[in-house]
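# Structure assessment
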Amino acid sequence: MADFGEILRNIGEFGLFQQLTLIALCFPNLVQSFILASLLFIQSDPERHCNTDWILRTDANLTTDEQLNLTLPLEEDGTFSRCLMFVPVDWDIGAIRESGLNETTSCQNGWVYSNTIYDATIVTDFDLVCDKAYSVGVIQAVSMTGVIIGSIIFGPFAESFGRKRATQIPAVILFVFILATALCPDVYLYAACQFMVGLGAGGFRINSIILSTEWIGVSKRSWGACVTQLFGAIGMCIIAGLIYAIRDWRLAQLITAAPCAVVVIYIWFIPESARWLISRGRIEEAKQLIVKAAAINKRPVPDCLLERIVLKDVGNKGAIKVVFGSPILTKYFFIMTLAWFSLNLSLFCLYFNMGNLGLSIFLTQLLFGAVEIPAHLLCMWLLEVFGRKNLLIATVLTGSLSSVLILAVPNGYDNAVTSLAVTARFFLIWAIDICNVFVQELFPTSVRQTATGLAAISARTGGLLAPLLNILAMYHRSIPTAVFSSLTLVGGALCFLLPETGKKDLPESADEAENKNGESTNTFPNATKL
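This section reports on the structure supplied with the text. (Residues numbered from 1 in each chain as written. Predicted model: local features only at pLDDT ≥ 70, side-chain atom pairs only at ≥ 80, totals over all residues. Heavy atoms only, no water.)

Turning next to the side chain of arginine 425. Take arginine 425: it is sitting in helix H20 (residues 414-442). Here the side chain of arginine 425 touches glutamate 372 through a polar contact of 2.4 Å, side chain to side chain. Leave out the neighbours within four places in its chain, and arginine 425 touches Met236, Leu347, Tyr351, Phe368, Val371 and Glu372. (Helix = DSSP H or I, 4+ residues; strand = E, 2+ residues; numbered from the N terminus. Polar contact = N/O pair within 3.5 Å; in protein donor to acceptor, adjacent residues only side chain to side chain. Contact = heavy atoms within 4.5 Å.)

If you want it as structure tokens, here you go:
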């Protein structure tokens, strides 16, 4: 009986076949960073005043200053109100000048915006200001809810119908609704489309990582997750330049949809996971893919190896029940769940708040994207040097401590705050990369997708709660940072209870997962240096 690790050692652990598959699955992540562009590149409180063109019907020759003086009340600081106007009347201009207007109301005919750094945003197009200012945070939460639902739906879906189908369907959903988002006439349809985009994004990312990882051998297994994240980081750098050049959220969405259309064309030709096919008893299909992979890698496949591929009774019927039926796997699951949740909560709290860090939002976005690239590259290298456990603990604790230090910076030190936020993001992104690799190595093949999907749901929940947690800054600016930093510190401390999984084959059954991961042998002699 040949296990899949032996098969990969014969046909190539990371040959041309795996490289092409990985690039094809990673490319959509280049544009996934663009998905939140219309939510991030906004001015939450742009300069504005109510549209009071009604008074021009009485005198079309009024200057702008005269119009505003006659139709808008003043705030305590002497500026015109941003959210109130005087109630329109049917008087002539002489009566209005003589008596003046006193009764106020909310803006009835929209707003006039000025000094905006963008040509069009969802705030200005849908008038998400004043009593609707909360809508931006709600839409962010709706989008993240879609990501969670996508993970819930397409995680178990991949166990039953295959990694390939669970990757293709979300790719189509992404294309259709990114395109639809650009054409939305109102905020309600926009929110619905963002939910569907989130659903597709959540389903695609987790399944693409699983599919690529299951084809890669032990020596390069971490590349499946790290290269996926690397493409996302490059996308974040590109989007900073894209929005700076375009400054129109609808056009940015249309540009995002273009590469997604390319993905929809080629995604039907990606290979299924041979591991999954074997676990489902579809041995002949698995053999055909193995022969194809070997041919592309220009490696011979011994006939005796193919003959030894048989259905292995992994004893994992019942999907996630296998995890909760094992105290050891249950412990791993809850530790990874908390770690991933706290990391994403911290990451998205910083990300959604980058407009308030003090520096130019374009520069901050570029820094946030650029710092990810070395984080992913270092992860790909150092995971094989120091292992999973020690590197995860180090990055989580360092990232959370960097976040805590933000609280010690007085107001006005924008460079210091941004530097700490960028440093925290560097280590948090690195830690999330490790989680993507680690969680797949802890659980057996038959429940790997479900366990990874459920753990990813906790991560998406962190992203969902991030904009809501940031709202608490209205009571005190330190509340969000104190909360997410504390949770991340706890999650990092609990990681001491995890085993080392590096340089070991992926487990095929619950028994293998418990035995392999329970071994105390240190396969990384340099780990103590960390």
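So, about the pattern of salt bridges. According to the stated counting rule, one finds 7 salt bridges in the structure shown. Notably, a salt bridge pairs glutamate 66 with arginine 97, separated by 4.0 Å at the nearest N-O pair. On the criterion of sequence distance, the pair formed by glutamate 66 in helix H4 (residues 64-71) and arginine 97 in helix H5 (residues 93-99) is long-range, its members being 31 residues apart. Judged by its relative accessible area of 31%, glutamate 66 falls in the partly exposed class. A salt bridge links arginine 425 to glutamate 372; the nearest nitrogen and oxygen atoms lie 2.4 Å apart. (Salt bridge = Lys/Arg side-chain N within 4 Å of Asp/Glu carboxyl O. Buried < 20%, exposed > 50% of the residue type's maximum accessible area, 1.4 Å probe, protein only.)

With that settled, consider the state of the cysteines. Going through the model one piece at a time under the given rule, you end up with 2 disulfides. Disulfide partner of cysteine 50: cysteine 107, at an S-S distance of 1.7 Å. The S-S bond linking cysteine 50 to cysteine 107 shows a torsion near -60 degrees; that makes this disulfide left-handed. Taken as a pair, cysteine 50 in strand E1 (residues 47-50) and cysteine 107 in the loop between strand E3 (104-106) and strand E4 (111-114) lie far apart in primary sequence, 57 residues in all. Each member of the pair, cysteine 50 as well as cysteine 107, is classed as buried. The disulfide partner of cysteine 83 is cysteine 130, and the S-S distance across this bridge is 2.0 Å. Of note, the bridge from cysteine 83 to cysteine 130 carries an S-S torsion of about -90 degrees and is left-handed in sense. Placement of the pair is cysteine 83 in the loop between H4 and strand E2 (84-86) and cysteine 130 in the loop between helix H6 (122-126) and helix H7 (135-161), with a sequence separation of 47 residues. On the accessibility criterion, cysteine 83 (26% relative accessible area) is partly exposed. Of the residues examined, cysteine 130 reaches a relative accessible area of 23% and is grouped as partly exposed. By sequence-ordered numbering of the bonded cysteines, the chain has its disulfides arranged as 1-3, 2-4. (Disulfide = S-S within 2.5 Å.)

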